[in-house]
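Coordinate inspection notes
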Amino acid sequence: METVDLLLIHGAVVTMDAAGHIFLDGAVAVRGSEIVAVGPSGDLAVRFAARETVDCQGCAIIPGLINAHAHVPMSLLRGLVADQQLDVWLFGYMFPVESRFVDPEFVFTGTQLSCAEMIRGGTTTFVDMYYFEEEVARAADMSGMRAICGQTVMRLPTPDAASFDEGLERARVFIEQWHGHERIIPTIAPHAPYTCTDAIYREAAALCRRYGVPLVTHLSETEREVEESRREREVTPIRYAKRVGAFDGKCIAAHCVHATEDDIRLLREHHVGVAPCPSSNLKLASGIAPIRRFIEANLRVGLGTDGPASNDDQDMFTEIHLAALLPKGISGDPTAVPARDALALATSLGARAVHLDHLIGSLEPGKRADIAVVALGRLHSAPRYHYAPDALYSHLVYGARSADVRDVLVDGRFLL
Ligand SMILES: [Zn+2]
């Protein structure tokens, strides 16, 4: 018998692997930070002697959820202002409040709050962009989560840099200090084409290529942004980003709500990770991203919550739910984004969007043990049908809530 550290047993294992394997009475064996086996409980129980065995009867065992776009310290600005469109919300409220109140302590405390909320809801990886990003990295590391942390730069003064040059230097030092960490990937995040210059994107892209880290940015969030870009630069924000080098290395682009067919082709050609944020895009009246088209076009597409000031939570179950429902509502086609695809946006597809699919996103031997155990059959999700193994996707996407998450592991370590 082989020895493992942990055996999660008697759960419905939804692997999210390429073949779509589901084991209704399934188990996952974990050694150290890695998954060593996934399969029927009977098989794994005779093959492995585990130091710890956790009974997952009545639960689904799924890959930890991936939040592909957030500004986690903004949990401290949650509920501050609502019912405004993006430019008024951002320039009229967020930037002035941030310039007055955002400091390292704010960022650290806000990140702790968001990490606790995300872990509670089954999220194991997030992509962030904010200021004093070393404090986001420090709090995320302490929480045990996996994160891509982007130090924000723009042409305007920010809470942590009086000029772009200062911001760039901050980002360089931050990347230098955290580079090589096992769970935290430090990077730079040019805010958006409308707050940046050609030079900012070019220098940020060069820094990302030097360290092999993904560039994080916002693109084509609103129709107005696209119109202004066409007027001032004669191209869409996505084509502009390509022109200034943002796609030369790995890139994660939030929103892309108003991506054109030409944009979608560019995003695919350059393997850009795309992260629509359904709740935030709805609340700020930015629009509804063409998620179905993104999946059809084989883009690296995930889902994000965006910051808690425009959502107002960090609940990936809500985003999955919306990603399944919105495309049906606007297309009149109930098969537009089926439950399995919606769950993939926060797991296997989401891992591709954040360029970490070699490590996370599915429950398979060799991948990191980033796992969420979700209780099924509670008052709001009972009963549970077994007419087909696929029914599980439907239970998870339409029935389950973040509060149903019972256990969460990152790198084989229980965070919940
Ligand atoms: Zn954002």
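Look a little higher up for the structure.
In this report, we go over the structure that sits alongside the text.

Conventions adopted
Residues numbered from 1 in each chain as written. Predicted model: local features only at pLDDT ≥ 70, side-chain atom pairs only at ≥ 80, totals over all residues. Heavy atoms only, no water. Helix = DSSP H or I, 4+ residues; strand = E, 2+ residues; numbered from the N terminus. Rg over C-alpha atoms; globule rule 2.2 N^0.38 Å. Buried < 20%, exposed > 50% of the residue type's maximum accessible area, 1.4 Å probe, protein only. Contact = heavy atoms within 4.5 Å. Areas by Shrake-Rupley, 256 points an atom, 1.4 Å probe, with all protein chains shown as cover. Lys, Arg positive; Asp, Glu negative; His and termini not counted. Charge placed at Lys NZ, Arg CZ, Asp CG, Glu CD. Donors = N, O, S within 2.8 Å, 3.2 Å for Na, K, Ca; no water. Pairing = 2+ DSSP bridges. Axes fitted to C-alpha atoms, helices over the stretch in contact; angles between N-to-C directions. Parallel < 35°, antiparallel > 145°, perpendicular 65-115°, else oblique. Nonpolar A, V, L, I, M, F, W, Y, C, P; charged D, E, K, R; others polar. Phe/Tyr/Trp six-rings, centres within 6.5 Å; stacked < 30°, edge-to-face > 60°. Lys NZ or Arg CZ within 6 Å of the ring centre and 35° of its normal. Left-handed = near helix turned anticlockwise from the far one by under 90°. Patch = residues over 30% accessible without salt bridge, like charges linked within 9 Å, V, L, I, M, F, W, Y side chains within 5 Å. Salt bridge = Lys/Arg side-chain N within 4 Å of Asp/Glu carboxyl O. Polar contact = N/O pair within 3.5 Å; in protein donor to acceptor, adjacent residues only side chain to side chain.

Turning next to the overall build of the protein. Counting its regular elements, the protein contains 15 helices and 16 strands. The C-alpha atoms of the protein give 21 Å as radius of gyration, which agrees with the globular expectation for 416 residues (22 Å, within 12%). Expressed as lengths along the three principal axes of its C-alpha atoms, the size of the protein is roughly 65 × 50 × 40 Å. Evaluated residue by residue, the protein yields a buried proportion of 60% over its 416 residues. Sequence separation of 24 or more characterises 73% of the internal contacts of the protein that already satisfy a separation of 6 or more. For the protein, the exposed surface amounts to about 15300 Å²; the carbon and sulfur share of it is 51%. In the protein, 39 side chains carry a positive charge and 54 a negative one; their mean positions are 3 Å apart.

Let us look at the coordination of the zinc ion. As a benchmark, a tetrahedral metal site with four donors has ideal angles of 109.5 degrees, while an octahedral site with six donors has ideal angles of 90 or 180 degrees. The protein atoms that coordinate the zinc ion are His-69 (NE2), His-71 (NE2), His-218 (NE2) and Asp-306 (OD), at distances spanning 2.0 to 2.3 Å. Look at where the donors of the zinc ion fall in the sequence and you get H-x1-H-x146-H-x87-D. You'll find His-69 and His-71 in the same group, each marked buried.

What follows is about the pairing of strand E14 (residues 371-375). Most of E14 sits out of view: five of its five residues are buried. Residues Ile-371, Val-373 and Ala-375 line one face of E14 and the alternating positions Ala-372 and Val-374 line the opposite face, and both faces are buried. For strand E5 (residues 59-63) and E14, the ladder comprises five bridges, and the chain directions are antiparallel. In the sheet register, Ile-61 faces E14, and the bridge partner there is Val-373. The pairing of E14 with strand E15 (residues 405-410) spans four bridges and is antiparallel. Considered in E15, the bridge of Val-373 is made with Asp-407.

Across the interface, helix H5 (residues 164-178) lies against helix H6 (residues 198-211) with an axial gap of 11 Å and an inter-helix angle of 10 degrees. It follows from the interaxial angle that H5 and H6 lie roughly parallel. Across the interface between the two elements, Phe-164, Leu-168, Ala-171, Arg-172, Ile-175 and Glu-176 of H5 pack against Ala-199, Ile-200, Glu-203, Leu-207, Arg-210 and Tyr-211 of H6. Of the residues belonging to the contact of H5 with H6, the class tally is eight nonpolar, no polar and four charged.

Per the stated rule, a full pass over the model turns up four aromatic pairs. For the pair Tyr-201 and Tyr-240, a centre-to-centre distance of 6.0 Å together with 85 degrees between the ring planes defines the contact as edge-to-face. Here Tyr-240 lies in helix H8 (residues 237-243) and Tyr-201 lies in helix H6, a separation of 39 residues in the sequence. Like Tyr-240, Tyr-201 is buried. Ring-pair connections join several aromatic residues into one group, and the members of that group are Phe-91, Phe-95 and Tyr-194. Over the face of the ring belonging to Phe-108 we find Arg-138, whose NZ or CZ atom lies 4.1 Å from the ring centre.

With respect to burial, helix H15 (residues 391-399) is a largely interior element, seven of its nine residues being buried. As for H15, its buried residues are in contact with strand E1 (2-14), strand E2 (22-31), E5, helix H12 (316-331), helix H13 (339-345) and E14.

Quick look at the packing of helix H3 (residues 104-120) against helix H4 (residues 133-143) now. It is at 8 Å that the axes of H3 and H4 come closest, and there the two elements cross at 35 degrees. Judged by the twist between their axes, the crossing of H3 over H4 is right-handed. Residues Pro-104, Val-107, Phe-108, Thr-111, Gln-112, Cys-115 and Ile-119 of H3 form the contact with H4, whose own contacting residues are Glu-135, Val-136, Arg-138, Ala-139, Ala-140, Met-142 and Ser-143. When grouped by side-chain class, the residues that make up the contact of H3 with H4 number nine nonpolar, three polar and two charged.

Take a nonpolar patch on the surface next. Nonpolar side chains collect at one region of the surface, where Leu-282, Ile-288 and Ile-330 lie side by side and expose about 250 Å² of accessible area between them. Position of Leu-282 among the secondary structure elements: in helix H10 (residues 278-283).

Moving on to the side chain of Gln-314. Mapped onto the secondary structure, Gln-314 falls in the loop between strand E13 (300-301) and H12. Polar contacts involving the side chain of Gln-314 include one to the main-chain carbonyl oxygen of Asp-306, which spans 3.1 Å. Not counting chain neighbours up to four residues away, the residues in contact with Gln-314 comprise Asn-67, Ala-70, Val-72, Ser-114, Glu-117, Met-118, Thr-305, Asp-306, Gly-307 and Pro-308.

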